[in-house]
Every structure is written in structure tokens, then in C-alpha cells.
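# A closer look at the structure
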Amino acid sequence: MVETIENYRAHAGNILAAYGGFSPRVLEAMRIVERHKFVPDRMVPMAYDDMPLPIGFGQTISQPFIVALMTHLLEPEPDHTVLEIGTGSGYQAAVLSPLVKTVCTIEIITGLGEIAAKRLSQLGYDNVQTKIADGYFGWPECGPFDGIVVTAASDHVPPPLLEQLNPGGRMVIPVGGRFSIQHLTLIEKDKAGAVTTYQLLPVRFVPFTRGVR
Amino acid sequence: MISRPALAIISASILAYEVLLVRLFAIVQWHHFAFMAISVALLGFGISGALLAVWKSWAERHSARIFNVSAVVFGITAPAAFLLAQSLPFNALAVIWRPSQLLYLGIIYILLAVPFTAGAACIGLAFLEGKAEPGRVYLWNLLGSGAGALGVLAPLSVLPPMICLALTGGLGFAASAVNTARHGDLRSLVLVAALAGAAGGAWTVSPSTWTSLRISEFKGQSQSLGVHDARLVAERSGPLALLSVIESPSVPFRFAPGLSLQSPALPPEQLGVFADGEFTDAIDVWDGRPESLAYLDQSTDALAYSLTQLPEVLVLGAGGGRAVRQAIAHGAARIDAVERNPDLHRLVAEDFAERAGNVFARPDVTSHIADARHFLTASARDWDLIVYPFIAGDPGGSLALTESYLHTVEAFRSAYRRLRPDGWLSITSRMELPPRIVPKLLSTLRRALDQERMREPRTGLIVIRGITTVTVLVKRGAVSASDIAATKAFAESRAFDLVHYPGMAAEEANRRNVLESPDYFEIASALTGEQHLDLVGSYKFDITPATDDKPYFFDFFRWATLPELLALGPAGGAALLELGKLIVLATLVQAMAISLLLVLLPLRAGHFRPKSKRTVLRFGAYFLALGLAFMFIEIAWIQKFVLFVGHPLYAVSVALAGFLVFAGIGAALSARLERNLPSAGNVAIGVAVVAIALTALGYLAILPPLFNALATLSDAMRIVITFALIAPLAFFMGMPFPLGLALVARSDPDFVPWAWGLNGCASVVGVTAATLVTMHFGFQTAVAVAVATYLVGWLSLRIRTADS
């Protein structure tokens, strides 16, 4: 799978080139996290294909290439605290776990959130904190954050999330309409607090759902 | 003998079922997949023809009984097939990355083909039995079909769509009962009644989860209802859409496309409005205080209000009222709000009026239930600002198949003329990478402005973009220095990017929301410059201006780009694949393959032995040509009447009914002619074909100005005029088929059911081929192809006559 992801570097065009290609740390995290433990039993045979897979509740686990890309764009460091909006299966949080100090992850769908929390705990991802809540308002008690990764699409960037991003922090978020083409967007907050956004790939994500299920 | 009223009833039920399936699939899945499934299932007509050709003698001996059984099978399977189809775990969107989903699609084909085959068998039997007077059979068939196409709109207006589905099945039982009663077969009549009762009882006692619409879990409505305290608070079912309002009290909807990253205001509590399961707009729960709507000044579409003072505003496509509230928030002096769907308007203006702050009851807001294009054409008023409906993008390429007469050169010219001097036209679209919608919008606007003889199109244009939206403003007049200063201040305070204003420097572009390259700036510069046609010709997507002749604004498909998109699939290219057009193409290929099989089957099986190969070729060519040409004309004119009638569904129903009814009358007259003067059949076919050619080509010239001149008429009058315009064309189109069938019956009676199946297959192929031709080459070309095909069909018969 990791080889496949590396092969897709070409598709990311100048984005990865600008950031020096996938970092070895990210690729190592992708290598050690067992994706088949994050998909329903019937999807296990396809767990290492580079494609999104349904995980129930109308949601999907993202394509590994996109997970790697989003993780890479965050530029995670061992002392970082990272917020993830949209726990889903817990796979993205698991990939982030060995790369940073703390991962705070919020899931809006109760059923999914409970399953993911149990799964992450059983698999020993002890630096991952989970919460079932509306991700629009972030998680101030767990922050501020050096990185925020949003794995569900929204038609705008929630202003509360920007407030919880540290100066010098980065946010990666797919922005766009439901089931329309969404842009993978990198948001940088400089030391002075000024924000610049970079629109990267067109991607198709599960929509940014609202409310607790 | 099969009862003619029974024939009319089963014909009506098949057409009603077809229209209904389009609605039902649009709700539970996406409508372009409905197009594919139904088109292929319609090959049931071909299947029935092939079966009747194989078992012709047996079918003739037991025609009444087979009719009764087939009609009952239709009655049972029409609802059952849909219930089973919607229960399959088919995810239309997943076809992109999981080809195994095609298996489910195949099962849907088979399921839907059953009722169509059963229903079509009834009609085929009637032709087989009545081959001596096919015109009369054709008359009852077409009258029934016309009534079904139009008649289904009435129940759809007042009843839930699933009840309409059950009633359509009931028509199958009714046809069987009428035919049974005609033969005085009391025992069979009781049996049909008992079966109908059992079917109705089974429907009634079934768990409601079986007989309810199962909207795809990937559609917005299903996902929103998954929120733990979210609930459906209102539903309005109409022929245009199934509208649902969802309330999510703990975490309200937050529809604010393109909201500035620096917005100090957040959207208020909102109710989500869904049309056919997809989010369409939000209703703000508004307390009446202007500050509650402050967030509406924080998106790119608010720019126009920084360039005007207390404007009089026309809002096209008022929907849930977002643009109306934005106009109110900016102190508009007068607001005219146009909405096509009366149910949607009632939801906001009546059902949720109080929570929505009685927006539409305000003295400064006037509501108009009308099609936006008609309103622009017919209105005598002018405005300071005209706001186009938000272009939300094209999920999965489904819009590519839909005519959009509001986004054509002619429509933009109408809007431009309705602007007061120094007035603004404001169009906002979701931003895409790579850009497709905005380039097409700019190229279409460019041609409109050129035709309006605007000297320098670039001097009247301002474009800005935020993180997810792009707003294009067109001024009736030249953009002034104060306009530019206000635009810069607006963009700067909200972290938006400038894309175009007269004299803009490249360094000013792409600074806040940084793209890999300044595509939008470069595209806008090119499309407003001298060499704009170079970009249109070389762009990777089709951004040729949309016109009334080719009103497919959302069709960006270019064959040359397809391999690149497929290669980019893993990195997001799949999202750019326009499935709409590819699906039509796939449908055409499938329809042709299955048709070929169905056409050849009776020949290969040896049950049908035509007198000679020449007979097969000549009559085969004739009936193939008729099926194709009829559908080319029908599809092309339906597309044209969408502009005149104002809504695709109404246009489809009215035009279908018109074509079928008047073709039926033409068929009846040809039957009389055939009876009284059998030798005149060939001449009559020639006269009909020439009349079709002259009428169709004549309409090409007179309809555009006629439509403009009559745009101010009421809906009812426009429908009456549509019927009147269709009448002469359809009348002549109804003649060649029964006249040809009579010729066949005389020279080779065995050929009749095969000809019927051949015609059915050609019709299905014709629908998809005509759709592709109108999308690719335009309406006029489709009509020309139809006329040429009619002439080819006629010539093939004449060769036969000379030979004989």
C-alpha cells in the first residue's frame, strides 16, 4: 500500500514537490498502522487497496493516499498536539498517533465515535483522546493545537477552529459542497496570526456532518 | 378480440410508470442513473416483440388470455420491481471506484424489464391480433399513452409518490378486468378482482419500511436525519420535487458557502431544506433583527451591495430565501423574488413563515411563482441588481444532462437588458479546481456582451473569489474607479482575492487564498481579451458558450481529457469525471447490443421465417428508421419546449402527451385511408414524410421568435399553444408506422410482431442517441438527423415497391 501511495506522488504534482515529497516519518506511520483493523469485516480483503471504503452510517474511511497526504501536510512533530475533526473509523487518528504527542479527535456520529474509541483503546493508541461532539466548535479544553485535520467536508472553514489553531500552526481541511468536488485546503497561520490558505487537490470526501447522532 | 379501452389503460399505465420511475429514482438515487436503468428496461418492448415473433401462432390463439395475464403481471411487478430495486445496496456514486456495483445495476435492469415486458406484451398482442387495422390499434395505444404521460402529473401533485406507484400497478389490474369483462368471462373477472385485492392488501399490511422511499444513505437528507435529535418537520410532495424540511435543534445547519475566514459573525440557527433528498437551501430562523443576518455580508456574493445604494433587486430562484434575506440585510428598496416551485415557496412563505421572520410577507418583498427565464423575458420592469441563483456545482455530472435555459447567451442578454444604467448582474458559483463552471460562465457572458454590442466586455466586469466561492459581477456600463476602490476594500476586509477588474495587474491576484497557479485570474483575463476564442478552443473542458440551441451549461465533457482524468482518478480525478454523459453513452452501447440480440433472436431461433432477405432488409430498415426518427424529433422538441413551457417535467409530460395523442389521431386517419384505399399506403407514407420534414424544418425558423413573443402568456395558454404546435407534426408522425405495418401485414404477416419489436428497440436506441446528439451538436442538428432518417426509411420502402 505504501508503495502505491508513493507512486501517486506524481498525481499530487507540485504540492508534494513543494514539501519535499512524503516524509519518511509519515510513510513509516502508514506502514505500521494496520488498516484492516479499521474497516468492517466484509471490507477486510480490500483494506489495503488505495480506495475509500464504506464503514457504515453513510461514511467512508478515506483513501490511504489522501490520509498520507493530509498527515504529511500537517508537518507533525513529536511535541505537537493535533485536533482531528471526524474520527470515523479512527484510522487517521491512529496514523497521527506515533507522530505527535497528543491527538484529540471528535466524532459527531455517536455510533461511529463509540466504536472508534473502543477500537483505538484496544489497539493501544493511548495518546488519542476521543470525544463525541459537534466538531464545528473544536475542542478548546484539549487545545490550542499545532495542527488541525478535518476529514469531512464543509462549505466554509469553521471560524472557531481557526481560533484554536496556534500561531505557526497548520490546518488541512477539504472544503466544498456535499458530493460536489471539494478542495483539499491547507491553512497556515503565521506567527503574527495572519492566515493564508492554499488550495490543493480536488478530492471527494464524506460531507462534514453536523450534530451528534 | 382485445378490448380497445383495456389497451388504452395498459398503455397509459406504462407511460405513467415510466414518468413515475424517473421521479422515484431521482429521489432515492440520482436521476442520471434512473435514465440508464429505465432506458435499458424499456427494451422490454423489444423483448416482448421477440417473444411474440417466436410464439406468434400460440399467442394469436390465446391473445385475450395472455393479455389478461400480462396485464396482471404488470400490475404486480410494476410496484414490486421498484420496491426490490430500491432495497438493493446500490450506491450510484460508488460505481466510480467500485465496479462491483455494476452487478446491482444489472439486477435493477432485469427487475425493471419485467413490468415493461409484460406491459409491452399486451400492446404487441393487440397489434398482432389487429394487424388488419393497425391504425386503430395504434390510435388506442397512443391515446392511452398520452393520457398516462399527462395524467400522472395530477396524482403526483396531491399524493405521495409511493401511493402513485401503487395506483399505477392498479391500472394493470384494471386493464385486465376491462378486457375480461368484455369477453363476459365472469370467473376470470372474479380472479382478477381477487388478485387485485390481494395485491392491495399485501401493500397495506406490509411494514411501512418496505413501501416507503428508501433514500440513499449517501444523500444529504439521510445523513442529516442521522443526527440524534434531528427530525423531519415538514414534507411537501409535488411533481417538481419531494421537499423535506429538517430541524436539528442542538446543532443547527450552517449553510454559509464561502463565508470569510475573518467573519466575525456566524450563521444563525437554520432549517435544512432538501429537494429529492439533496440539500437545496437553508431557512434562517430569523428574529427580525438585521444584525442576526450579519453573516450574509461576509461572503463573496455580498459584493454587489457594496457597489449599490438601496437597490431595487430581482432575486432569481428564491428557494429558501437566502438571497432575499441578504437583500433585506443590505437595505434593498424593493425585492422581487422569483421561484419556480410553488411548494418550495409555500414552505418558506407559509409553513415556516414565522420562524423565517415573515420574509415574504414584508411590504418590500414581492413574490413571483414563475420560471426565472420566462420572468426575465416577460417582465417590463428594470432593476439595479439582478441576483442569479447560487451555482452549487454538479454532483457526479448529473446536471450535464439537464437543459439550463437560465445560463445561455440568450438568457444573459435578457438579464442584461433588464438592468438599469449602472445596474449589476451578480452570479456566484462554488469554486472548482480545475475551474470549469466559471470559465464557461465567463465565455457565455462574453458572447452575450459581444452580441449586446458592449464595446469592451472587460470594462464591465468584476470577479472576486473566496475560499470556496467565486462571484462574477457584470455592470450595465463601465466599471468606475470608485467601483474598483469599493471592491478592493470589500475583498481586503474579508480576505477574498481579486480575480478581475478593468486594468488589474497580475501581482494583485492569488494572494490570500493561494492556488498552485493564478488560474482564475488568467482565465478571466483571457476570456475578456481579444484572443478569448483561443482559450475556449484549447481548454481541457468544454467551455463553449451555452446557447438556447445547446443549453447544456453544465456539460464540460471533452473526449480528449478523459484519459487524463482516468489516470488522475486515485488523486481526485474521479471527482471530475462527468458521469452524466458517460452514462448516456454506456446506455447507448448497452441498448444497441441488447437490441441487436433481440432483433436477431427470432431469426436465429428459426421461429420467424421471412419471405426473403430483401424483405427483412427493406422493412427492417423502414421500422428501424421510424423508431429512431420519431424519438429524435420527440426528444429534440421536448428539449425545445422546456424553454417555452418552463419546467422539464411539465415539458416532458405535455410534449409526450401531445406527440402521442396527435400521432394517434394521425394513425386513426391512416387506418381509414388504408381501409378505403389500400393501394394508397405508399403514397400516404411519402406525403407524411415530406410533411414531417417541412413542418420540422419550418419550426426551426419560426419557433425562437414565436417563443419570445408568447413568453408573457400564462402557463395554461403556453401549454395549449404547445399542444397546437405539436399537433401538425405529430399528426403526420403517427401515419408511417401503421401504414407500414399494413403493408407488411399484406406482404408478410409473420413480420408484424418482429416489426413491432424492431421499432421498440430503435425507439430506445433513438432516445439515448438523440440525447447525445442534442448535447453534442445541438437541437437543430438533431432535427436535421431526424428528417434525414425519415427520408431514408421512406426510400427503403420505395426501393421495395420498385422491386416488387
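We now turn to the structure provided with this report. (Residues numbered from 1 in each chain as written. Chains lettered and ligands numbered in written order. Predicted model: local features only at pLDDT ≥ 70, side-chain atom pairs only at ≥ 80, totals over all residues. Heavy atoms only, no water.)

What follows covers the overall build of chain B. In terms of helices and strands, chain B carries 30 helices and 13 strands. The buried share among the 804 residues of chain B stands at 62%. Partitioning the intrachain contacts of chain B with sequence separation of at least 6 by distance along the chain shows that 78% fall at a separation of at least 24. Approximately 28,100 Å² of chain B is accessible, and the part contributed by carbon and sulfur atoms is 63%. (Helix = DSSP H or I, 4+ residues; strand = E, 2+ residues; numbered from the N terminus. Buried < 20%, exposed > 50% of the residue type's maximum accessible area, 1.4 Å probe, protein only. Contact = heavy atoms within 4.5 Å. Areas by Shrake-Rupley, 256 points an atom, 1.4 Å probe, with all protein chains shown as cover.)

A few words on the overall build of chain A. Along its length, chain A carries seven helices and nine strands. Put simply, chain A has 213 residues, and 65% of those count as buried. Of the roughly 7,200 Å² of accessible surface on chain A, 51% is carried by carbon and sulfur atoms.

Residues and elements named next belong to chain B. Read from one edge of the open sheet, four strands run β1-β2-β3-β4, paired in antiparallel fashion. Either end of the sheet is taken by a strand with one partner, and the two such strands are β1 (231-237) and β4 (278-284). The average angle at which neighbouring strand axes cross in this sheet is 25 degrees, direction not considered. One ladder, built from six bridges, connects β1 with strand β2 (residues 242-247); its direction is antiparallel. Looking across to β2, one finds that Ser237 is bridged to Leu242. Contacting β1, β2, β3 (270-275) and β4, helix α15 (residues 342-351) crosses the sheet at an angle of about 130 degrees to β1. (Pairing = 2+ DSSP bridges. Axes fitted to C-alpha atoms, helices over the stretch in contact; angles between N-to-C directions.)

What follows is about the pattern of salt bridges. Evaluation of the coordinates by the stated rule reveals 37 salt bridges over all chains. Measuring nitrogen to oxygen at the nearest pair gives 2.6 Å for the salt bridge that ties Asp134 of chain A to Arg254 of chain B. Linking Asp134 of chain A in the loop between β5 (128-132) and β6 (145-150) with Arg254 of chain B in the loop between β2 and β3, this pair reaches from one chain into another. With a closest N to O distance of 2.4 Å, Arg718 of chain B and Asp715 of chain B form a salt bridge. In this pair, Arg718 of chain B and Asp715 of chain B are both assigned in helix α27 (residues 715-733), three residues apart and thus about one turn of the helix distant. A relative accessible area of 5% places Arg718 of chain B in the buried class. A relative accessible area of 51% means that Asp715 of chain B is categorised as exposed. In this structure, a network of salt bridges that share partners links the residues Glu312, Arg334, Asp336, Arg381, Asp384 and Arg420 of chain B. (Salt bridge = Lys/Arg side-chain N within 4 Å of Asp/Glu carboxyl O.)

Moving on: the sheet that holds strand β11 (residues 469-475) of chain B. Two modes of strand pairing occur in sheets, parallel and antiparallel, and in both the strands are linked by backbone hydrogen bonds. Residues and elements named next belong to chain B. Pairing is mixed across the open sheet formed by eight strands, whose spatial order is β7-β6-β5-β8-β9-β11-β10-β12. Edge positions in the sheet fall to β7 (365-369) and β12 (497-500), since each of these pairs with one other strand and no more. Recorded for the sheet is a direction-independent mean angle of 20 degrees between the axes of neighbouring strands. Across five bridges, strand β6 (residues 334-339) lies against β7 in parallel orientation. What sits directly across from Val338, in β7, is His368. Along the sheet, helix α14 (residues 322-329) makes contact with β5 (312-316), β6, β7 and β8 (383-387), crossing β6 at roughly 175 degrees.

Let's shift gears to the side chain of Asn127 of chain A. Residues and elements named next belong to chain A. By the secondary structure assignment, Asn127 is in the loop between α6 (110-122) and β5. A polar contact of 3.2 Å, which involves the side chain of Asn127, links it to the backbone oxygen of Val100. Discounting chain neighbours no more than four positions away, the residues touching Asn127 are Ser97, Val100, Lys101, Thr102 and Val103. (Polar contact = N/O pair within 3.5 Å; in protein donor to acceptor, adjacent residues only side chain to side chain.)

Residues and elements named next belong to chain A. As enumerated under the stated definition, the model contains one disulfide over all chains in all. The disulfide partner of Cys104 is Cys142, and the S-S distance across this bridge is 1.9 Å. Linking Cys104 and Cys142, the disulfide has an S-S dihedral of approximately -65 degrees and is accordingly described as left-handed. Taken together, the residues Cys104 in strand β4 (residues 102-107) and Cys142 in the loop between β5 and β6 connect sequence positions 38 residues apart. (Disulfide = S-S within 2.5 Å.)

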